[in-house]
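So you can see what is in the structure, the chains are spelled out below.
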Amino acid sequence: MRILLLHPNYHSGGAEIAGNWPPAWVAYLTGYLKAAGYTDVTFVDAMTHHLDDDQVRARIAELQPDIVGCTAITPAIYKAERLLQVAKEVNPAIVTVLGGIHGTFMYPQVLKEAPWIDAIVRGEGKQVFLNLVRAVDDGSFASDRSGVRGIAYAEADGKVVATPAEPPIQDLDRIKPDWGILEWDKYIYIPMNRRVAIPNFARGCPFTCSFCSQWKFWRDYRIRDPKAVVDEIEDLVKNHDVGFFILADEEPTIHRKKFIQFCELLIERKLDVLWGINTRVTDILRDEKLLPLFRKAGLIHVSLGTEAAAQLKLDRFNKETTIAQNKKAIQLLKDAGIVTEAQFIVGLENETAETLEETYRMARDWNPDMANWAMYTPWPFSDLFQELGDKV
């Protein structure tokens, strides 16, 4: 059973200013497949290598895979659909599979606009994709896809079917990533000129911000054993020369006790690595006295979900924070020697020149090291997406 995983060649020009980011999903999925006995796995990173459709076509023809899997966030969906169409053009017998957040929520639309996709993996993909691989391997997928939990597909008459959901993986530490699947010399964090990794500390988020659907995608919050995460980071540093990592979580500081343990273990190991996180303002305020410990552990960059500089917008986003809290959190981080990035969302339906100016003035008053301005674009199936309707 030969499996080919693809990352589509989509470029936004935003985060890429800081470097090329390794697609960690590939390492975690490959490790999970190999642990189940499916070792013939190849990865083609069309994004990092800027591969066009013909170049991907040549790789598919060379490899002759049985299954081609591709991921897609919303902006990359058409690139991903096209790559899976290319796979079918190379060999119609290839089983084409789409994963990721867009397909999870928008599978009825995707299957109608891309009928060449044999299955969409819904939600957390490791066990679902393994279910599918096993079904292809034993022949049951061809005769009855309905037996594969966690997928969506279109029947011959176009009817879209979603099978019962696969439960979330509760013990995340049984997912052992295969970091060797990645070409590490391609993933460089430009500000430090060091290789960069994006490991997982936890999955999910207990908060329900109205512009986000991550909490719906992961369904519940689960956290790993800090020792297992630090073991993973030690492997990345010593065997793949990683010098900077960003925890992939929406908010790795939620579980205070385990995050402290994580930091203490990093200090104990004396690894030559710096790192960054995204987190909430309220966690920084809660952990004010611990910030020196975090910095000693190598935490050098915190991106705060401040989102807005007007209380009305914060309330609209269900952020459960205040303007005063945002300003204080930024100052606390700066006092601890941690580079601070404030995230702002602009462009809601009630945005005006005056509210934009207010946001700008308050951002200058807060004085973060960096400010990240994003035009409001809600995830499909987020609460605000539904509220705004055609205004999106």
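Reading the values: the criteria
- Residues numbered from 1 in each chain as written.
- Predicted model: local features only at pLDDT ≥ 70, side-chain atom pairs only at ≥ 80, totals over all residues.
- Heavy atoms only, no water.
- Core = buried A, V, L, I, M, F, W, Y, C linked by side-chain atoms within 4.5 Å.
- Buried < 20%, exposed > 50% of the residue type's maximum accessible area, 1.4 Å probe, protein only.
- Contact = heavy atoms within 4.5 Å.
- Pairing = 2+ DSSP bridges.
- Helix = DSSP H or I, 4+ residues; strand = E, 2+ residues; numbered from the N terminus.
- Axes fitted to C-alpha atoms, helices over the stretch in contact; angles between N-to-C directions.
- Arc of directions from axis to C-beta.
- Polar contact = N/O pair within 3.5 Å; in protein donor to acceptor, adjacent residues only side chain to side chain.

(A) Representation of the nonpolar core. In this structure, Phe129, Leu132, Phe262 and Trp275 are the most contacted members of the largest nonpolar core, which totals 85 residues. Contact partners of Phe262, with chain neighbours within four places excluded, come to Phe201, Pro226, Val229, Val230, Ile233, Phe245, Leu247 and Trp275. Counting 29 residues, the second-largest nonpolar core is a separate cluster that includes Leu6, Val44, Ile94 and Ala114.

(B) How the structure looks around the sheet that holds strand β4 (residues 95-99). The sheet built from seven strands is open, its strands ordered β2-β1-β3-β4-β5-β6-β7 with mixed pairing. Either end of the sheet is taken by a strand with one partner, and the two such strands are β2 (41-45) and β7 (160-162). Recorded for the sheet is a direction-independent mean angle of 20° between the axes of neighbouring strands. In this sheet, strand β3 (residues 67-71) lies alongside strand β1 (residues 3-7) in parallel orientation, the contact comprising four bridges. Counted as the bridge partner of Leu4 is Val68 from β3. Lying on the sheet, helix α3 (residues 77-90) is in contact with β1, β3 and β4; it crosses β4 at an angle near 170°.

(C) How the structure looks around helix α2 (residues 53-63). Turning to α2, its buried residues are Val56, Ile60 and Leu63. Along the long axis of α2, the arc covered by the buried residues comes to 70°, so they all point the same way. Of the exposed residues in α2, those oriented more than 90 degrees away from the buried face are Asp54 and Glu62. Buried residues along α2 sit against β1, β2 and α3. Backbone nitrogen of Asp54 and a side-chain oxygen of the N-cap are separated by 3.1 Å at the start of α2; the cap is Asp52. Looking one or two places after α2, you find Gln64, whose phi comes out positive at around 50°.

The analysis is restricted to geometry; functional conclusions fall outside its scope.
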